[in-house]
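Observations on the model geometry
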Amino acid sequence: MPNIHNCKQCGISLTNKYGNARHCSHACRSKTWRQLQTPTISVKLKLTIPQFDILKTQADSLNLLINQLIINRATSASGCVHP
Ligand SMILES: [Zn+2]
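Residues numbered from 1 in each chain as written. Predicted model: local features only at pLDDT ≥ 70, side-chain atom pairs only at ≥ 80, totals over all residues.

**Section: the overall build of the protein chain**
For the protein chain, the count of helices and strands is three helices and zero strands. For the protein chain, the α and β elements follow one another from N to C terminus as α-α-α. Per-residue burial for the protein chain yields a buried fraction of 1% across its 83 residues. Across the protein chain, contacts joining residues at least 24 apart in sequence account for 3% of those joining residues at least 6 apart. (Helix = DSSP H or I, 4+ residues; strand = E, 2+ residues; numbered from the N terminus. Buried ≥ 20, exposed ≤ 12 C-beta atoms within 10 Å, placed from the backbone. Contact = placed C-beta atoms within 7 Å.)

Have a look at this one:
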């Protein structure tokens, strides 16, 4: 019978754990969870103050953060950065 009960993170045997356990410890569970998160990168934007004010006003009116507004525009098929 193959031993399928190893920690998904460090590979240690989980023979003493519950049958549905996938990690040996909370630390390994947290580490795996972090690795599953979508990786992100930071981007610096250079805007003029009037451009920033326009975006800020629009973001506020939609109750979004400015970066959420920009991402929404950029990823929407009908989006247009210049209204
Ligand atoms: Zn582990």
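Next comes the rest of the account.
**Observations concerning the environment of Leu65**
Tracing the backbone through its elements, the reader meets Leu65 in the loop between helix 2 (49-61) and helix 3 (66-75). Considered as a pair, Leu65 and Leu55 are 10 residues apart in the sequence and their alpha carbons are 9.5 Å apart.

**Let's talk about unusual backbone geometry**
What is expected of a backbone is that most residues other than glycine have negative phi and most peptide bonds are trans. Phi angles above zero are rare outside glycine, and Asn63 is one such case at about 60°. Relative to the assigned elements, Asn63 resides in the loop between helix 2 and helix 3. Its 7 C-beta neighbours within 10 Å are what place Asn63 among the exposed residues.

**With respect to the confidence of the model for the protein chain**
Of all residues in the protein chain, 82% attain a pLDDT of 70 or more, and the chain-wide mean is 84. Within the protein chain, the element-level pLDDT minimum falls on helix 3, averaging 89, and the maximum on helix 2, averaging 95. (pLDDT = per-residue confidence, 0-100.)

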